[in-house]
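One letter stands for each residue in the lines below.
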Amino acid sequence: MSLPPQHPIRPTELNKLKEYLIGIISRYLEENPPSVDDRPKVVKEILNQAYLNTKINLAVTLRDQLFHDIVDDMLGFGPIQSLLDDDDITEIMVNGPTKVYVERKGRLEKTGITFENDNQVLKLIDRIIMPLGRRIDPDSPAVDARLPDGSRVNAIIQPVAIDGPSLTIRKFMKGRLSVDQLIEFGTLTNSMAEFIRACVLARLNIIISGGTGSGKTTLLNVLSSFISEEERIVTIEDAAELRLQQDHVVRLETKPTDVEGRNGVNIRDLVRNSLRMRPDRIIVGEVRGGEVLDMLQAMNTGHDGSLTTLHANSPRDAVSRLETM
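Definitions and limits used
Throughout, a residue's number is its position along its own chain's written sequence, starting from 1. Only residues with pLDDT of at least 70 get local features here, since the model is predicted, and only at 80 or more are side-chain atom pairs given and counted; chain-wide, interface and lining totals rely on the full set of residues. The basis for every side-chain value is the complete set of heavy atoms in the structure, and neither hydrogens nor water enter the calculation. In plain words, nonpolar cores are sets of buried Ala, Val, Leu, Ile, Met, Phe, Trp, Tyr and Cys residues tied together by side-chain atoms within 4.5 Å. For the exposure calls, accessible area comes from a 1.4 Å probe over protein chains only, and a residue counts as buried if that area is under 20% of its type's maximum, exposed if over 50%, partly exposed in between. For helices the rule is a DSSP run of H or I covering at least 4 residues; for strands it is a run of E covering at least 2, with both sets numbered from the N terminus onward. Whether two residues touch is decided by their heavy atoms; if any such pair falls within 4.5 Å, the residues are in contact. In this scheme, strands are said to pair when DSSP sees at least two bridges between them. Where helices are involved, their axes are fitted lines through C-alpha atoms of the stretch in contact, as for all axes, and angles between N-to-C directions lie from 0 to 180°. Each angle gets one of four labels, with under 35 degrees taken as roughly parallel, over 145 as roughly antiparallel, 65 to 115 as roughly perpendicular, and the rest as oblique. A crossing counts as left-handed when the near helix is turned anticlockwise from the far one by less than a right angle, and as right-handed when that turn is clockwise. Note on residue classes: Ala, Val, Leu, Ile, Met, Phe, Trp, Tyr, Cys and Pro are nonpolar, Asp, Glu, Lys and Arg are charged, and everything else, Gly too, is polar.

Draft legend 1. Molecular detail of the nonpolar core. One finds I80 and L167 to be the most contacted residues of the largest nonpolar core, which totals 25 residues. Mapped onto this core, the elements with two or more residues apiece are α4 (81-85), β1 (89-94), β2 (100-104), α5 (118-129), β4 (142-146), β5 (152-156) and β6 (166-170). Ignoring sequence-local partners within four residues, the contact set of L167 consists of I80, I92, M93, V94, L124, I125, I128, V153, N154 and A155. L177, L188, L244 and I283 belong to the second largest nonpolar core, which has 20 residues in total.

Here it is in structure tokens:
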């Protein structure tokens, strides 16, 4: 693994060097597992020492990029870590090894980021879902999951994804938007904000409808901020995205079935269970099917002031969708 100082290095050689260094770090971590807090420091120390031992002298910019890529692989999510760190990006879409798109400030754009092959995309998907106890394979080729920061993940693979594995990440917004910010952005007027605030305080049942990415969850978070601290709130979601500022909140999340297709817990199960938890309000992140009946019954049997969202393009479409579901 030794090269003369500043010797030009080909991409294939650089990949071999990267794999070699990752192998050394991985073996060390297996034999001497550090604490979660110490892991970043240990990885960087072992990486630096392992690189020095190779006697390879890369250009500073190339070496820094190599170290950055390895740290992202060992501590983060590889090629897409830089996209996750970019606050201007709201959605990441991996359509294959060479087709990585993002939504930045409302506009779709293709990035220059690539994976080596389909297998590297699959490894990334496994790294995301394995700690969560989820699985993805040809018999169960689609999965929903959540990153540690709350970002929502959907992955789908062959045979249903014809062109190879696909990964979509809806990033978790770090800052909580307030109603004042929505007014400032022109999303709401002052009178609209006062009206919806009055609706929440008057305990009206509210269903927020809109298309994908239209801001339904963002508005639901804003509406929930008007709920009194004296009320007990139960939230129900497929993947927890809601961030309520009240103290008395019980958060529930669905559970997928096991390998035998059993022991799953869906939205409908959680809505029914929430009725036994003495909630003042029930907030369902999104209704998609039969759980809407349980939600409507809850709203009409003492749990008024409840909130939910659904996919529809207009109020009339929302009512038709409720009937259909």
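Draft legend 2. How the structure looks around the sheet that holds strand β8 (residues 233-237). Reading across the sheet, the five strands line up as β7-β11-β10-β8-β9 and stay open at both edges, with parallel pairing between neighbours. Where the open sheet ends on each side, the last strands, each with one partner, are β7 (206-210) and β9 (249-253). Averaged over neighbouring strand pairs, the angle between their axes works out to 20° when direction is ignored. Sheet analysis places β8 next to strand β10 (residues 281-284), joined by four bridges and oriented parallel. Across the sheet, residue I236 finds its bridge partner in β10, namely V284. On the sheet, helix α9 (residues 267-274) packs against β8, β9 and β10 and is oriented at approximately 170° with respect to β8. Seen against the sheet, helix α10 (residues 291-299) touches β7, β10 and β11 (307-311) and runs at an angle of roughly 150° to β11.

Draft legend 3. A look at the packing of helix α2 (residues 39-54) against helix α3 (residues 60-75). Look at α2 against α3: their axes get within 11 Å of each other, and the N-to-C directions meet at 140°. Relative to α3, α2 is oriented oblique. Considering how the two elements wind past one another, α2 and α3 form a crossing that is right-handed. Side by side, α2 and α3 meet where R39, P40, V43, K44, L47, N48 and Y51 of the first sit next to R63, F67, I70, V71, M74 and L75 of the second. By residue class, the composition of the contact of α2 with α3 is nine nonpolar, one polar and three charged.

Everything listed here is a matter of coordinates, which is why it stays silent on function.
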